[in-house]
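Here's the letter readout for the chains.
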Protein chains: 2
Amino acid sequence: MKGNIAKGLGVLAVGVIIWFMPVPVGLKPAAWKLFAVFMATILGFILQPLPIGAIAFISITFTALTGVLKPAEALSGFGDTTIWLIVSAFLFAKGFIKTGLGRRIAYLLIRKMGDSTLKLGYTIVLSDLIISPATPSNAARAGGIIFPIVRSLASAFDSEPGPSARRVGSFLMQTGYQGNTITSAMFMTAMAGNPLISLLAAQALNIQITWGQWALAASVPGVLSLLVVPYFIYKAYPPELKKTPEAKAFAAGELEKMGAMSLGEKIVAGIFIGALALWSTSQYTNLNATVVAMLAVSVMLGTRVLEWKDVLEEKGAWDTLVWMGALVGLAGYLSKLGFIPWFSKAVGASIAGVPWFQAFVVLLVIYMYAHYGFASLTAHITAMYSAFVTVAVAAGAPVYLAALALAFMSNLCMSLTHYAAAPAPIYFGAGYVDQGTWWKLGFMVSVINIVIWVGVGSLWWKALGLW
Amino acid sequence: MKGNIAKGLGVLAVGVIIWFMPVPVGLKPAAWKLFAVFMATILGFILQPLPIGAIAFISITFTALTGVLKPAEALSGFGDTTIWLIVSAFLFAKGFIKTGLGRRIAYLLIRKMGDSTLKLGYTIVLSDLIISPATPSNAARAGGIIFPIVRSLASAFDSEPGPSARRVGSFLMQTGYQGNTITSAMFMTAMAGNPLISLLAAQALNIQITWGQWALAASVPGVLSLLVVPYFIYKAYPPELKKTPEAKAFAAGELEKMGAMSLGEKIVAGIFIGALALWSTSQYTNLNATVVAMLAVSVMLGTRVLEWKDVLEEKGAWDTLVWMGALVGLAGYLSKLGFIPWFSKAVGASIAGVPWFQAFVVLLVIYMYAHYGFASLTAHITAMYSAFVTVAVAAGAPVYLAALALAFMSNLCMSLTHYAAAPAPIYFGAGYVDQGTWWKLGFMVSVINIVIWVGVGSLWWKALGLW
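Asks: Just checking my understanding: could you explain the overall build of chain A for this structure?
Replies: The helix and strand inventory of chain A stands at 23 helices and zero strands. Over its C-alpha atoms chain A spans a radius of gyration of 22 Å, differing by no more than 12% from the 23 Å that the globule rule assigns to 467 residues. Considering only C-alpha atoms, chain A reaches an extent of 70 × 55 × 50 Å along its principal axes. Relative to its full complement of 467 residues, chain A shows a buried share of 58%. Considering only contacts in chain A between residues 6 or more positions apart, those separated by 24 or more positions represent 78%. When the accessible surface of chain A is split by element, carbon and sulfur atoms take 68% of a total near 16600 Å².

Asks: Would you take a moment to explain the packing of helix α7 (residues 117–131) of chain A against helix α11 (residues 211–236) of chain A for this structure?
Replies: When two helices pack together, you describe them by how their axes are tilted relative to each other and by the distance separating the axes. All names here are of chain A. Interhelical geometry of α7 versus α11 gives an angle of 145° and a closest axis separation of 10 Å. For the element pair α7 and α11, the recorded crossing hand is right-handed. Here Thr117, Leu118, Tyr122, Val125 and Leu129 of α7 lie close against α11, whose contacting residues are Leu226, Leu227, Pro230, Tyr231 and Tyr234. Within the contact of α7 with α11, the residues separate by chemical class into nine nonpolar, one polar and no charged.

Asks: When you look at the packing of aromatic side chains in this model, what are you seeing that I'm missing?
Replies: Two aromatic rings, taken as a pair, are described by how far apart their centres are and by the angle between their planes. Residue and element names in this part refer to chain A. Using the criterion set out here, one finds 56 aromatic pairs over all chains in the structure. Look at tryptophan 32 and phenylalanine 35: their rings are 5.2 Å apart centre to centre, the planes differ by 40°, and that puts the pair in the tilted class. Pair noted here: tryptophan 32 and phenylalanine 35 are both in helix α2 (residues 29–47), with a separation of three residues, about one helical turn. By the burial criterion, tryptophan 32 is buried, and phenylalanine 35 matches it. Through a chain of ring-to-ring contacts, three or more aromatic side chains come together here, namely Phe92, Phe187, Trp211, Phe272 and Trp279. A cation sits over an aromatic face here: lysine 336 above tyrosine 333, 4.4 Å from the ring centre.

Asks: Help me understand helix α20 (residues 377–394) of chain B, please; the structure alone is not making it clear to me.
Replies: Because an α-helix completes one turn every 3.6 residues, residues spaced three or four positions apart along the sequence face the same direction. Residue and element names in this part refer to chain B. Taking 1.5 Å of rise per residue, the 18 residues of α20 would be expected to cover 26 Å, and the 24 Å separating its terminal C-alpha atoms lies within 8% of that figure. Along α20, the helix axis deviates most sharply at methionine 384, where the bend reaches about 45°. Of all 18 residues in α20, 14 are buried, a share of seventy percent or more. Regarding α20, its N-cap is serine 376, as a side-chain oxygen of that residue lies 3.2 Å from the backbone nitrogen of threonine 378 further along. Taken from the residues just after α20, glycine 396 is the one with a positive phi, measuring 110°.

Asks: What is the right way to look at the relation of the copies chain B and chain A in this model?
Replies: The operation relating the pair of chain copies consists of a rotation about an axis and a translation along that axis. Note on the identical chains: chain B maps onto chain A by a rotation of 180° and an axial translation of 0.0 Å, with an RMSD of 0.0 Å. Look at the turn and shift together and you get a two-fold axis relating the two. Within chain B, glycine 79 of chain B has its C-alpha nearest the rotation axis, a separation of 2.3 Å.

Asks: What am I meant to see in α11 of chain A here?
Replies: If you check α11 of chain A, its first and last C-alpha atoms are 35 Å apart, about what 26 residues at 1.5 Å a residue would give, namely 38 Å. Along its length, α11 of chain A reaches its greatest deviation from straightness, about 50°, at serine 219 of chain A, and the proline proline 221 of chain A lies no more than four positions downstream.

Asks: I tried to follow the side chain of arginine 141 of chain A on my own but got confused; where do I start?
Replies: Counting through the fold element by element, arginine 141 of chain A comes out in helix α8 (residues 138–156). Setting aside anything within four residues of it in sequence, one finds arginine 141 of chain A in contact with Asp128, Ile131, Ser132, Thr135, Ile146, Asn180, Thr183, Ser184 and Ala190 of chain A.

Asks: Looking at this model, I keep getting lost on the interface of chain B and chain A. Mind explaining?
Replies: With 41 residues of chain B at the contact, the number on the chain A side is 41 residues. Both faces considered, chain B and chain A share a buried interface measuring about 3800 Å² in area, 81% of it formed by carbon and sulfur atoms. Linking chain B to chain A there are two salt bridges. For glutamate 313 of chain A, the salt bridge identified is with lysine 315 of chain B, shortest N-O distance 3.3 Å. Sorting the residues of the side of chain B that touches chain A by element identifies α3 (52–65), α4 (71–74), α5 (81–99), α15 (289–302), α16 (308–313) and α17 (315–336) of chain B as the ones contributing at least two each. For the side of chain B that touches chain A, a count of residues per class yields 26 nonpolar, 10 polar and five charged.

Asks: Whenever I open this one, the environment of leucine 401 of chain A confuses me. Can you help?
Replies: Residue and element names in this part refer to chain A. Mapped onto the secondary structure, leucine 401 falls in helix α21 (residues 399–412). For leucine 401, a relative accessible area of 4% gives the class buried. Between the C-alpha atoms of leucine 401 and valine 454, which are 53 residues apart in sequence, the distance is 9.1 Å.

Asks: Would you mind showing me how to read a nonpolar patch on the surface here?
Replies: All names here are of chain A. A cluster of nonpolar residues, Val220, Val223, Leu224, Leu227, Val228 and Val456, forms a patch on the protein surface that exposes about 400 Å² of accessible area. Per-element accounting of the nonpolar patch gives the leading share, five residues, to α11. Relative to the helices and strands, valine 456 resides in helix α23 (residues 435–463).

Asks: Is there a simple way to think about the pattern of salt bridges in this case?
Replies: As a working rule, side chains carrying opposite charge can pair if their charged atoms are close by. With the rule as written, the count across this model stands at 22 salt bridges over all chains. Between lysine 309 of chain A and aspartate 310 of chain A there is a salt bridge, with the nearest N and O atoms lying 3.9 Å from each other. We note a salt bridge from glutamate 265 of chain B to arginine 104 of chain B, for which the minimum N-O separation is 2.5 Å. You can see glutamate 265 of chain B sitting in helix α13 (residues 263–280) and its partner arginine 104 of chain B sitting in helix α6 (residues 101–113), a full 161 residues away along the chain. As far as the burial class goes, glutamate 265 of chain B and arginine 104 of chain B line up, both buried. A single salt-bridge network, built from bridges that share partners, covers Lys98, Lys309 and Asp310 of chain A.

Asks: Where do I start with the nonpolar core in this structure?
Replies: One recurring pattern in soluble globular proteins: nonpolar side chains tend to sit buried together. Counting residues in each nonpolar core, the largest one holds 349 residues, and the members touching the most others are Tyr385 of chain A together with Tyr385 of chain B. Beyond its immediate chain neighbours, meaning those up to four positions away, tyrosine 385 of chain B contacts Ile197, Leu200, Ala201, Tyr367, His380, Ala403, Leu406, Ala407 and Ser410 of chain B.

Asks: Got a minute to help me understand the packing of α5 of chain B against helix α10 (residues 194–205) of chain B in this structure?
Replies: Residues and elements named next belong to chain B. Direction vectors running N to C along α5 and α10 enclose 170°, while the axes themselves pass 9 Å from each other. Put simply, α5 runs roughly antiparallel to α10. Every residue of α10 that contacts α5 at Thr82, Leu85 and Ile86 is listed here: Pro195, Leu196 and Leu199.

Asks: For this particular structure, what's the right way to read the side chain of serine 88 of chain A?
Replies: Considering the arrangement of structural elements, one finds serine 88 of chain A in helix α5 (residues 81–99). Since its relative accessible area comes to 0%, serine 88 of chain A is described here as buried.

Asks: Sorry if this is basic, but what is going on with unusual backbone geometry here?
Replies: All names here are of chain A. Residue aspartate 158 is not a glycine yet carries a positive backbone phi of 55°. Of note, aspartate 158 is situated in the loop between α8 and α9 (169–186). Here the phi dihedral of asparagine 286 falls at roughly 60°; this positive angle occurs in a residue that is not glycine.

Asks: Is there a simple way to explain the environment of phenylalanine 232 of chain A in this structure?
Replies: Residues and elements named next belong to chain A. Structurally, phenylalanine 232 is set in helix α11. Take phenylalanine 232: its relative accessible area is 21%, and that puts it in the partly exposed class. Expressed as a C-alpha distance, the spacing of phenylalanine 232 and isoleucine 52, which sit 180 residues apart in the sequence, is 36 Å. When neighbours within four sequence positions are excluded, phenylalanine 232 is seen to be in contact with Leu441, Met444, Val445 and Ile448.

Asks: How do you make sense of the confidence of the model for chain A when you look at a structure like this?
Replies: Caution is warranted with low-pLDDT regions, since their predicted coordinates should not be read in detail. Here chain A shows a mean pLDDT of 91. Residues at 70 or above account for 100%. Confidence, read as mean pLDDT per element, is least for helix α18 (residues 339–350) of chain A in chain A (76) and greatest for α9 of chain A (97).

Asks: Help me out: how do you make sense of the environment of valine 391 of chain A in this one?
Replies: All names here are of chain A. Inspection of the secondary structure puts valine 391 in helix α20 (residues 377–394). Its relative accessible area of 15% is what places valine 391 among the buried residues. Every residue in contact with valine 391, bar those within four places of it in the chain, is listed here: Phe343, Val347, Ile351 and Leu363.

Criteria and cut-off values
- Residues numbered from 1 in each chain as written.
- Chains lettered and ligands numbered in written order.
- Predicted model: local features only at pLDDT ≥ 70, side-chain atom pairs only at ≥ 80, totals over all residues.
- Heavy atoms only, no water.
- Helix = DSSP H or I, 4+ residues; strand = E, 2+ residues; numbered from the N terminus.
- Rg over C-alpha atoms; globule rule 2.2 N^0.38 Å.
- Buried < 20%, exposed > 50% of the residue type's maximum accessible area, 1.4 Å probe, protein only.
- Contact = heavy atoms within 4.5 Å.
- Areas by Shrake-Rupley, 256 points an atom, 1.4 Å probe, with all protein chains shown as cover.
- Axes fitted to C-alpha atoms, helices over the stretch in contact; angles between N-to-C directions.
- Left-handed = near helix turned anticlockwise from the far one by under 90°.
- Nonpolar A, V, L, I, M, F, W, Y, C, P; charged D, E, K, R; others polar.
- Phe/Tyr/Trp six-rings, centres within 6.5 Å; stacked < 30°, edge-to-face > 60°.
- Lys NZ or Arg CZ within 6 Å of the ring centre and 35° of its normal.
- Expected span 1.5 Å × (residues − 1).
- Bend = angle between axes of the 7 residues up to and from the residue.
- Polar contact = N/O pair within 3.5 Å; in protein donor to acceptor, adjacent residues only side chain to side chain.
- Least-squares fit on C-alpha atoms with pLDDT ≥ 70 in both.
- Buried area = accessible area lost by both parts, 1.4 Å probe.
- Salt bridge = Lys/Arg side-chain N within 4 Å of Asp/Glu carboxyl O.
- Patch = residues over 30% accessible without salt bridge, like charges linked within 9 Å, V, L, I, M, F, W, Y side chains within 5 Å.
- Core = buried A, V, L, I, M, F, W, Y, C linked by side-chain atoms within 4.5 Å.
- Parallel < 35°, antiparallel > 145°, perpendicular 65-115°, else oblique.
- pLDDT = per-residue confidence, 0-100.

Laid out in structure tokens, this is it:
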């Protein structure tokens, strides 16, 4: 409690100091004051003297109270299409979890190909991949669908935390977690912060990264990572048990318990396929990604697969609406009031002469490993994405290369720690992997991912004509 | 379930029929199509084949999908300041209920002046009045604060549903309910639909009814009603027990149990007084009512009187955000696309020649008693307010007279039935008043209220220079 008060005062102090600093030449006072609020908000998101929703709410109230923004401007983020893409995707995921379709997909895959520990690992990763486009909360995907299966699989092989952990459990836990890291990066709707990235890129660089573009750009490095990383873990951190013929029987038993596919599951499956089709063809149909997600939720509501009370109980959606909506409003006006253009011009001038490739690699590495200091991907994105992408482009890096590479790093940095993002404590908390091992493996996987995503990825994006 | 499908098909059919009707001369096709969606939405709110939140969500999705509105236009209501006034006021009320301050106020009043049944009735009504500006959910005010006190008071006098109901319970229940009806009308923040009225009046008539104006206009007729109605119920539906010296002791006992005022209660009391002061002086400070409410919530969050998890669990706020935000977006574009101006011109032409006073009284009476067909004040407002106020003004009624009289009728119609609005089933469900009596008393009270609010009220508004 006292710690929180100290943190709160620290956050306020930073805001106050910036607020009263002399306004740099070339900036409107309102832009500078908004920057002060923004910095204090982000520091608040990192230190969390209050939950981030409360901080965001207080911040926009303050901007409206002091007249830095008009009330309608301060609230503008709540009507943003990106925000409602996220809200809708949370509700979509609720349908996935509620009907049991996600679990069924995983068990079907295990029954089909789960007869060795390595294959089981790939199966888990594949299950995560299949449902990832519809579950923007990677925590819900991990905690609500995949982790419970991994946990029961481990138990099915008598692998519990302690001496028997390494039998299969440790390997499966680490594979499930690192797989979630990779799938998070692969779709705009696979991690809650990804649509924010697309919005920040639009605000800072004036480019549109569509759902289809993101998925296409991530496809080759993503699949490569999903093939390489589980195998790497299998070699670097091998399970004691290599053959697991019982897994198929276990999955078959669970499927038996679930019974035939319910009408609800069939409906969600149909909606899921339809939404994927509409999302991936949006460049032809001109259908906005948000409208597609809302359509999916509408069909779920109309067929009562999703009840309205489920919607009201989906706190993750409302939490995200408030803090992210507030932030999007602030960030939007930071750009509109001229701060971002001023900032990029200033930085561009200061690094004139440094070759862009050199500057870009340094920026990427700093961006990735700065995540040792964050407990949330979205906090990291919020604090650093706009600035880093602006600086990279100012240094001369091609626009899409910079935007995409930093977008993917924003997810892949999750590999590093046991507190990197919400799925981390879920897998770590199961007790199969000790902290030292987690960090060591995490660092090695991060290097593999950088090589694959930036090395191979940049060639792929070049081939796609993105830069 | 089957009933709901039939209702759903009926709603769809109405929408489809209007959608494909020839577009009236002078209207853009988009305006007419939006009108079709709007009518289907309102019919859906009345018949409720799905909860109204789901209907609203589906409606805006449909407008964006068909291109009647752009996605950002369809979502625009979610960033509306009126909507966030309501959301914030819901959260404000949560602080009132959670800290127990509302209950304490009621018990203090009872301890001071609760020695006769009539006085008890006035005390209950006064308690409701005091907290009403901060509890826009009149259901929360009734169900969360006042009703539990009324119910325990009745029990304290051995008045239970059945033979002993008339001892004190029936009178107190009916007084509590009719008092809630009146207080709902008295402040813009005393009933969730009231800010919507102010918004609809702004959209339809281009006038701004401020928080202070509303309170001032309602003050004289409101106080008069609060004096007359309990006395009328006391005479028309007398309690068997007239003297209640035990009530003071009961309240004293409850206060004893509550102990000293907690820090949380003191903070909420301070915030409440501060918010009232800022709301009622907004014409001088230019502080927007929404910003004041958000400030109050921010202080509650900062002092942890209100925890962020309380916010996320306040489903009423999220429900209202979705359905009312969607509706405000639709209604706003109905006006912007030219439907409302076209409609008022058409109606104005058709009633040319009828004296305005005559037309106005007929409209008021129809508006009030149409509520026999509604189970929600806000549904009634949504369906009828804009049209009726537009017609009244087109007929020649002074703008503010029409806007205010219909605004107050929108609340006072709650007196009529045992399903008129959410507080009704709460008080009725206690079982102290039978349905026949409820309707009879309700009708008589509605007549008293019309006489006071329109008769005396219109003179008061004249004196205020509002028309």
